[in-house]
Amino acid sequence: MRLASKVALITGGTSGIGRATALLFAREGAKVALTGRDAARGQQVAAEIGKADGEAIFIRADVSSAKECRQTVNKTLETYGSLDILFNNAGVFYAHTILECTEEEWDATIDIGLKGTYLMSKFSLPTMIAQGSGIIINNASGWGLVGGDAAVAYCAAKGGVVVMTKALAIDHGRQGIRVNCICPGDVDTPMLPDDARRRGMTWEAYLSGAANRPLGRVGLPEEIAKAALFLATDDSSFMTGAALVVDGGGIAD
């Protein structure tokens, strides 16, 4: 119960890494508020936590909207009375070079992945500052550190998240707030088969490429959730402004 009495707000919590993190945080004792645009899936995750004797609410929200981000934070505070952990996890991916990337795809990727991180942090920080403590975890990507092929908007958004993490850590460290980001590699989430399809690859061919990285496989959402848990607890008490790479050795190879 490493998160007993803590309140965690998780964006993009309806599937993949967000869902796995919501379930893990709840098992560790946190009261969880999770957001997403799919109400049915969000309610299902909240119900799953409830059946396991945890506490969770789902708040439908588009993180690219300042109004909805503010309402999400306010609803979390109204329900649980505090906010200790923010996990900015929401994001979208389009497998396109800059020549193929439409303006609409660019805007959606930046608005959800980068602007959403900005907005949720902006509205969560006043409560954390007043408390004198708080933890923000941003979900970036290995491609936010080194770049990748046919993912120009995604790389731009995730690169921005990495450096914004460092800026937030510098600005708010003396207020008792730690800010770190996770940089996953390929993880077996609904986003991965969609990427394979967009690249014109079969799922089997896509997975075979994982054999080229040192650990020889893609990651699991639960493995990224465990990294988020590490950053959410005192196990990482002397870490802030860090980009924690969890990618099976992909960018080291």
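Look up a bit, the structure's there.
Residues numbered from 1 in each chain as written. Predicted model: local features only at pLDDT ≥ 70, side-chain atom pairs only at ≥ 80, totals over all residues. Heavy atoms only, no water.

Draft legend 1. View of the overall build of the chain. Along its length, the chain carries 9 helices and 7 strands. Its C-alpha radius of gyration of 17 Å places the chain within 12% of the 18 Å reference for a compact globule of 253 residues. A burial count over the chain gives 50% of its 253 residues as buried. A fraction of 72% describes how many contacts in the chain between residues 6 or more apart in sequence connect residues 24 or more apart. In the form shown here, the chain has an accessible surface area of approximately 11500 Å², with 53% of it arising from carbon and sulfur atoms. With 24 positive and 28 negative side-chain charges, the chain shows a spacing of 5 Å between the two charge centroids. (Helix = DSSP H or I, 4+ residues; strand = E, 2+ residues; numbered from the N terminus. Rg over C-alpha atoms; globule rule 2.2 N^0.38 Å. Buried < 20%, exposed > 50% of the residue type's maximum accessible area, 1.4 Å probe, protein only. Contact = heavy atoms within 4.5 Å. Areas by Shrake-Rupley, 256 points an atom, 1.4 Å probe, with all protein chains shown as cover. Lys, Arg positive; Asp, Glu negative; His and termini not counted. Charge placed at Lys NZ, Arg CZ, Asp CG, Glu CD.)

Draft legend 2. Summary view of the pattern of salt bridges. Under the definition given, this model contains 7 salt bridges. Of the charged contacts in the structure, one is a salt bridge between D235 and R2, with a shortest N-O distance of 3.7 Å. Of this pair, D235 sits in the loop between α9 (221–232) and β7 (243–246) while R2 sits in the segment before β1 (7–10), placing them 233 residues apart in sequence. In this structure, the salt-bridge partner of D194 is R197, at a minimum N-O distance of 2.6 Å. Taken together, the positions of D194 and R197, both in helix α7 (residues 191–198) and 3 residues apart, correspond to about one turn of that helix. According to the relative accessible area criterion, R197 is exposed, its value standing at 55%. (Salt bridge = Lys/Arg side-chain N within 4 Å of Asp/Glu carboxyl O.)

Draft legend 3. Representation of the nonpolar core within the structure. One finds F25, V32, I85, I137 and I182 to be the most contacted residues of the largest nonpolar core, which totals 30 residues. Those elements that provide at least two residues to this core are β1, α1 (16–27), β2 (31–36), α2 (39–51), β4 (85–88), β5 (134–139) and α9. Excluding residues that lie within four positions of it along the chain, V32 makes contacts with A8, I10, A22, F25, A26, E55, A56, I57 and Y80. Among the nonpolar cores identified, the runner-up in size contains 25 residues, and V92, I112, M128 and I177 belong to it. (Core = buried A, V, L, I, M, F, W, Y, C linked by side-chain atoms within 4.5 Å.)

Draft legend 4. Representation of the pairing of β4 in the model. The two faces of β4 match: I85 and F87 on one face and L86 and N88 on the other face are all buried. Relative to β4, β1 runs parallel, the two being bridged by 3 bridges. Following the sheet pairing, I10 is matched in β4 by F87. For β4 and β5, the ladder comprises 4 bridges, and the chain directions are parallel. Following the sheet pairing, N88 is matched in β5 by N138. (Pairing = 2+ DSSP bridges.)

Draft legend 5. A nonpolar patch on the surface, seen in detail. A cluster of nonpolar side chains, contributed by L145, V146, V245 and I251, occupies part of the molecular surface with about 300 Å² of accessible area. Following the sequence through the fold, I251 ends up in the segment after β7. The exposure class assigned to I251 is partly exposed, which follows from its relative accessible area of 33%. (Patch = residues over 30% accessible without salt bridge, like charges linked within 9 Å, V, L, I, M, F, W, Y side chains within 5 Å.)

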